[in-house]
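Structural overview
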Amino acid sequence: MALARGTKALSGSLSMRLLFPAVAFALLLFAPMTIQTAQNQVLDLVLPTDNDALFSGDGPAFYQYVDRDYNGVKGAPWEGGQYGFVRDPKSTGGGVIYTRFHEGIDIRSVHRDANGEPQDEVRAIGDGEVVYVNPVPGHSNYGKYIVIEHRWDGSNYYSLYAHLNSIVVQPGETVRRGQPVAVMGYTGTGINRERAHLHLELCLMFSRQFDAWYTTFFRNDPNRHGLYNGMNLAGIDVARLYLALRKNPALTIPEFLAGEETFYKVTLPKAQHFDLPTLYPWMSAAGKRNGSSWEVSFARSGVPLRFEPTDRRVAQPEVSYVKNSSAECSYLTRDIVSGRGANAHLTNYGAQLMRLLIWPN
C-alpha cells in the first residue's frame with residue numbers, strides 16, 4: 001500500500017492491480033524457502049562465554065567447583081559443576097553414589113575486574129528467540145535468568161542462562177548465534193562472588209499445559225515463570241553435545257539422544273493433551289500406531305527418549321520397567337521412581353510429574 005501511494009506515475013487502480021500480483025508472487029516464491037530454512041536449521045552451537053577449556057579437556061578450568069562437606073571432610077570438587085548426578089554423595093551397600101542431579105553445566109568466569117567482579121559476556125549458543133526473562137533474582141534459585149527458544153529439525157529446544165548480573169535482551173527479541181544477551185553474575189541461591197559462574201542448560205519441554213498443572217499441585221507457591229519454569233524443562237547433557245558436535249558437525253539432537261540408555265519406562269493413560277508427539281514427533285517409536293495407553297521411556301536424568309502405544313490399560317501413570325540396580329531407585333532417578341525391580345513405583349512427586357505429560361486428563 002505504501003508503494004502504491006508513493007508511485008506517482010501510476011493511477012490508484014492500476015497501481016493496485018500491478019502491486020497485488022507482484023506481492024503474491026513474492027510471497028509464494030520466498031515463503032516456502034523461509035519455512036524450509038527454519039525447519040532444517042543446522043545444530044551449530046557456540047559456547048556461551050570465552051571459556052573454551054571444555055575443548056582442551058581441562059575440566060578444572062572450565063567447570064565451576066562446588067563446596068562440599070562429606071563425612072566431615074571439606075572439599076571443592078570441580079566435578080560438581082558438570083551435568084548429571086554429581087552432587088550430594090551418599091554411602092550405600094554398593095559404594096558411594098551421588099544423589100543430587102545437576103541439570104546443566106556451571107561455567108567458570110575467565111574475566112574479572114580489579115574487585116573480583118565477573119565481567120564475562122554471555123552469548124546465545126544458537127539462533128533463536130528470547131521467550132522468557134526473569135529479572136528478579138529472588139523469584140528463582142536460578143537468580144536472574146533468560147530462556148531462548150531454538151528451532152532445529154522441526155522441534156523446539158530451550159537454552160537457559162542463569163545466575164546473571166545483567167540482561168540486555170527482551171522477550172520476543174530474535175537473537176543470532178554468538179550474540180551478547182547478558183553478563184555473568186552470582187544471583188540466585190548459594191552463590192557468592194568467588195563462585196560466580198554461568199549455569200547453562202539445553203532443554204526439552206514437557207507440556208504446554210504446565211501452568212494449569214502447576215496451579216493444581218502447587219497453589220500456595222505462585223508460578224512466576226509460565227512455561228519456562230525449570231520443572232517444565234528437561235535438560236540434556238549439553239557439554240557432551242558440544243564435544244559430539246566437534247566430531248560430527250551434522251549431528252542432530254534426536255541422533256544424540258538415541259545413544260542414551262533407557263533407565264525406566266512409565267505407562268500413561270491415553271489423553272487428549274499428551275504433548276510429546278506434537279513437540280517432539282521424532283520420539284515416536286517405529287511400528288505399532290494404536291494402543292490403549294502410551295509407554296514413555298526415560299533416561300536416568302528424567303529426559304524422555306521415546307514413546308509408543310501399548311495394549312496395557314492403566315487409569316493412572318504406572319512404572320512398567322526399571323533397570324536393575326543395587327541402590328534404591330529414588331537416589332538414581334531424581335526421586336521420580338522408588339523401590340527396586342518388581343517393587344519399583346512412582347513416588348508422589350513422580351506421579352505428579354507424569355500427570356503433567358497428560359494434563360488435564
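Residues numbered from 1 in each chain as written. Predicted model: local features only at pLDDT ≥ 70, side-chain atom pairs only at ≥ 80, totals over all residues. Heavy atoms only, no water.

A look at the nonpolar core
Grouped together as the largest cluster of nonpolar side chains are 93 residues, with contacts concentrated most on Tyr161, Leu202 and Leu241. In contact with Leu202, other than residues within four places in its own chain, are Leu45, Ile125, Trp152, Tyr157, Tyr158, Ser159, Ala234, Gly235, Ile236, Val238, Leu241 and Ile253. (Core = buried A, V, L, I, M, F, W, Y, C linked by side-chain atoms within 4.5 Å. Buried < 20%, exposed > 50% of the residue type's maximum accessible area, 1.4 Å probe, protein only. Contact = heavy atoms within 4.5 Å.)

Here we look at the packing of helix α4 (residues 210-217) against helix α9 (residues 348-356)
With their axes 10 Å apart at the nearest point, α4 and α9 run at an angle of 150° to one another. Of the possible angle classes, the one that applies to α4 and α9 is roughly antiparallel. In the packing of α4 onto α9, the handedness of the crossing is right-handed. Note on element contacts: α9 touches α4 through Gln352, Leu353, Arg355 and Leu356, opposite Phe210, Trp213 and Phe217. A class-by-class count of the residues in the contact of α4 with α9 yields 5 nonpolar, 1 polar and 1 charged. (Axes fitted to C-alpha atoms, helices over the stretch in contact; angles between N-to-C directions. Helix = DSSP H or I, 4+ residues; strand = E, 2+ residues; numbered from the N terminus. Parallel < 35°, antiparallel > 145°, perpendicular 65-115°, else oblique. Left-handed = near helix turned anticlockwise from the far one by under 90°. Nonpolar A, V, L, I, M, F, W, Y, C, P; charged D, E, K, R; others polar.)

Remarks on the sheet that holds strand β17 (residues 318-322)
Overall, antiparallel pairing links the 4 strands, which are arranged β16-β15-β14-β17 in an open sheet. Whereas interior strands pair on both sides, the edge strands pair on one side only; in this sheet they are β16 (304-310) and β17. Averaged over all neighbouring strand pairs, the angle between strand axes comes to 25°, with direction disregarded. As judged from the 6 bridges shared by strand β15 (residues 293-298) and β16, these two strands associate in the antiparallel manner. Across the sheet, Ser293 pairs through a bridge with Thr310, a residue of β16. (Pairing = 2+ DSSP bridges.)

What to know about the side chain of Ser109
Following the sequence through the fold, Ser109 ends up in the loop between β5 (105-108) and β6 (121-123). On the accessibility criterion, Ser109 (12% relative accessible area) is buried. One polar contact links Ser109 to Asp120, side chain to side chain, over a distance of 2.5 Å. Beyond its immediate chain neighbours, meaning those up to four positions away, Ser109 contacts Pro118, Asp120, Met184 and Ala196. (Polar contact = N/O pair within 3.5 Å; in protein donor to acceptor, adjacent residues only side chain to side chain.)

A short note on the pairing of strand β4 (residues 95-102)
One ladder, built from 7 bridges, connects strand β3 (residues 84-92) with β4; its direction is antiparallel. Counterpart to Ser91 in the pairing with β4 is Val96. Between β3 and β4, which pair antiparallel in sequence order, lie 2 residues.

A look at unusual backbone geometry
Of note, the amide linkage connecting Trp359 to Pro360 takes the cis form, showing an omega dihedral of 10°. Structurally, the position occupied by Pro360 is in the segment after α9. We note that Asn71 has phi near 55°; this positive angle belongs to a residue other than glycine. With a phi close to 65°, Arg334 is a non-glycine residue in the positive phi region. Tracing the backbone through its elements, the reader meets Arg334 in the loop between α8 (329-332) and β18 (337-338).

Points about the environment of Asn343
Along the chain, Asn343 turns up in the loop between β18 and β19 (345-346). Residue classification places Asn343 among the exposed residues on the basis of a relative accessible area of 61%. Along the primary structure Asn343 and Val319 are separated by 24 residues, whereas in three dimensions their C-alpha atoms are 9.5 Å apart.

Some words on the pattern of salt bridges
Evaluated as defined, the whole model comprises 12 salt bridges. Taking the shortest distance from any N to any O, the salt bridge between Asp50 and Arg123 comes out at 2.9 Å. One end of the pair, Asp50, is in the loop between α2 (12-39) and α3 (59-62); the other, Arg123, is in strand β6, and 73 residues separate them in sequence. Residue Glu117 is joined to Arg193 by a salt bridge in which the shortest nitrogen-to-oxygen separation is 3.3 Å. (Salt bridge = Lys/Arg side-chain N within 4 Å of Asp/Glu carboxyl O.)

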